[in-house]
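Summary of structural features
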Amino acid sequence: MKFIPLLLALLCCNLTASGAGFGAGFGLEVPRLSVELINETSSIAPGKPFTVGVKMTHIEHGHSYWLNPGGPGKATKFIWTLPPGFAASEPLWPAPIVAESASFLSYLYEGEIMPLVTITPSASVKAGETLKLEILVDALVCIEDCLPQKVMATLTTAVGETAGELDAAKQAAFAKARAALPVAVQHWTFTAASQPDSFVITLKPSAGANQQLKQAYFFSATAPEQVTDPAKPQVLAQVGDHWTLTVPRAEDKPKAEALQGILQTNDGWLDGGKTNAFEVKLPVGAAGPAAAGAPTNSAAPAGGEEYGTLTLLFFAFIGGLILNVMPCVFPVIGIKIMGFVQQAGEDKKKIVMHGLAYTAGVLVCFWALALFVIIAGKGWGSQLQSPLFVFGLCYFFLAFGLNMAGVFEFGTSVMGVGQDLQSKSGLGGSFFQGLLATVVATPCSAPFLAPALAWAVSLPPFLALAVFTVIGLGLALPYLVLSFAPGLVKLMPRPGAWMESFKQGMSFLLFGTAGYMLWVLTGMVEQWNVLMTILGLVLLALGCWIYGRWFLPHKSARARSIGLAATALALLSGLWLGWPTDLKPTSAEAAAADGSHLNWQVWSPELVKELRAANKPVYIDFTALWCATCQFNKRQYKNDTIKAMLQDKHVELLKADYTNYDARIIQVLREEYHREAVPVNVLYVPGSPQAIILPSALTEGNLTEALQQIK
């Protein structure tokens, strides 16, 4: 009977998980989507394109999402497995429907739909062959709750000398599918204009158009946070002989060169009411002409030319020292302080050994990361561009925090914290803490560190490693000093009962870091994957609690075995559930919002060149979610003085998001600005051939000083 609470907890855990997708894997969940792949012709010919329909049938009351979900949701994706040399076009989707759910407007599909895809076969296929086409439809299907569905369908087709005739039995289905597709604009003229809080689309009819329009809606083909705001209503108004459709902007009011998507009406665009959806791409404003002889991109000289060797080594050392007070390293500081407190009064040699072990851990990790940066050509801090690495840190810091909070004790084999620091195995713990401090510190490119890093990666490997060694020594110095100065250690309080409370208090630094890593992950994976990670963290916490509750020395062997098995089940379930799979689009496809309500555009080298050629002031923010200094800098964009200067001087704002690895960004940082790490903030002043590179930490003062250069 004493194991009933444990079994109930595991049952609740697995029942909860089944609602989030476990059940489907064990056949407990009724499939919510069926898929059939249909060929329009009886056979195909070498090199001749043909059309297939992807017939998707939703469960009753269920729905999936368009390529822009509108509100919360997930775009449906097609993943093809085709014979060699075959190519599939982007699917042609019917116009979605608008549905309100939990105060959000979503763009979705219900019932049965059949998107069309053009397949181009290889010219080298032989007549008489039989080929198989395979599609995996990755969709989120919702009723009252939502479950991801990955449904596979196959199509076998024969190859002939010429394409087979249209299959008469399927003609009706393809005719219906084509009738549901948006068509090119006819008998209407659409134009778009930009307003501070909205886009205004003007709709002018001509002969043959429906003159009694009562309803219209614009579906943006890009993600809602980029252009429009689906949560707010669109307003249609008749003005004389034409109409205007007001479409709210997204909250960060991004700049858009064109509105691309679908204009839909239930009234029908043309006489007869049969055409309900037009496919449109409406320019918003017009780009200015390029100025002849505009200056080309340039920047300050490389760090080694701007500073002397000794100065840069000093910067490297100071930069490493400053890393100790960066938010990333706070949890490790707490752990190391605990170690010194517990060592108070010990033999001096043991204390020195702990300090040296910690320093060795820092240096080994710095050397490994330096080799990775130099050999692989990755940017500094690039380990946090891996969703899997960030995912692992989330789980690690939560488990480590629960350990320090007293939920469980893991013994002498883990991390060398607590009382283990007084034992021989504690040296391994000190070494591990040095490794951990470096892993979480490197994304924080502190002031003074950026020029030293930029210089180091341009040096021969041996000299570059020397620079990284100096940075590591700066990071390790405070603890090395404490270990070599017994007087300082003796000033620390003696071990006592208060230490347990102190240790538990330090656990909140780790919980905070786990939360920060989870926030970083939200910029890398889709919303559904973030939810699964959160639920996975709950399962991880459950496993730690079970371990601390049942895997205890005074428990029977049977109880310990069951507790260990239940712990493993919960931990593995949490890892499986939260594993990052659905990655967000790269920064080339989306600009990060910063809450400043400024008009940020997505950075690209081509756009920088175009704007500079038009003699416009350009400000570029190279940023990343995992960069704590970058998040601090964003607060300056909300400063009323800075916002007013940016707007009054008509500065073009570009956001270069380096959260996920982007080869173009790291190339530009190195070649044009001679930097290796974000944040980098750059201002181009019209008429000046040289870029102004601002300090890593932005302030109202240094931003104002730079902006005053614009006349």
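Relevant structure appears above.
I will try to describe carefully the structure that is included in this document. No experiment lies behind these values; they were computed from the predicted model shown. (Residues numbered from 1 in each chain as written. Predicted model: local features only at pLDDT ≥ 70, side-chain atom pairs only at ≥ 80, totals over all residues. Heavy atoms only, no water.)

1. With respect to the overall build of the protein
Each helix and strand counted, the protein has 19 helices and 24 strands in total. Of all 711 residues assigned to the protein, the portion counted as buried reaches 50%. Considering only residue pairs separated by 6 or more positions, the protein has 75% of its internal contacts joining residues 24 or more positions apart. Per element, the accessible surface of the protein, about 31900 Å² overall, is 61% carbon and sulfur. (Helix = DSSP H or I, 4+ residues; strand = E, 2+ residues; numbered from the N terminus. Buried < 20%, exposed > 50% of the residue type's maximum accessible area, 1.4 Å probe, protein only. Contact = heavy atoms within 4.5 Å. Areas by Shrake-Rupley, 256 points an atom, 1.4 Å probe, with all protein chains shown as cover.)

2. Some details on the pairing of strand β22 (residues 652–657)
Where burial is concerned, most of β22 is hidden: six out of the six residues are buried. Going residue by residue along β22, you find Glu 652, Leu 654 and Ala 656 tucked away on one face and Leu 653, Lys 655 and Asp 657 tucked away on the opposite face as well. As defined by bridge partners, strand β20 (residues 600–602) adjoins β22 across three bridges and the pair is classed as parallel. Bridge pairing in β22 places Gln 601 opposite Leu 654. Note that strand β21 (residues 618–623) and β22 share six bridges and pair parallel. Following the sheet pairing, Tyr 619 is matched in β22 by Leu 653. (Pairing = 2+ DSSP bridges.)

3. Notes on the sheet that holds β20
Picture the strands of a sheet paired through backbone hydrogen bonds; they go either parallel or antiparallel. In spatial order, the strands read β20-β22-β21-β23-β24; together these five strands make up an open sheet with mixed pairing. Either end of the sheet is taken by a strand with one partner, and the two such strands are β20 and β24 (692–693). By the bridge criterion, two bridges tie strand β23 (residues 680–684) to β24 in an arrangement that is antiparallel. Looking across to β24, one finds that Leu 683 is bridged to Ile 692.

4. Topic: the side chain of Ser 64
Of note, Ser 64 is situated in strand β4 (residues 63–65). The class of Ser 64 is buried, set by a relative accessible area of 0%. Side-chain polar atoms of Ser 64 contact the side chain of His 58, separated by 2.6 Å. Residues in contact with Ser 64, not counting those within four places in the same chain, are Met 56, His 58, Thr 76, Tyr 107, Leu 108, Tyr 109, Ala 139, Leu 140 and Val 141. (Polar contact = N/O pair within 3.5 Å; in protein donor to acceptor, adjacent residues only side chain to side chain.)

5. Things to note about the pattern of salt bridges
Inspection of the entire model under this criterion finds six salt bridges. Lys 55 is the salt-bridge partner of Glu 112, the closest N and O atoms lying 3.8 Å from each other. Remark: Lys 55 occurs in strand β3 (residues 50–58) and Glu 112 occurs in strand β9 (residues 112–113); sequence separation between them is 57 residues. Taking relative accessible area as the criterion, Glu 112 reaches 47% and is therefore assigned partly exposed. For Asp 229, the salt bridge goes to Lys 232, with nearest N and O atoms at 3.9 Å. Using a relative accessible area of 13% as the deciding quantity, one classes Asp 229 as buried. (Salt bridge = Lys/Arg side-chain N within 4 Å of Asp/Glu carboxyl O.)

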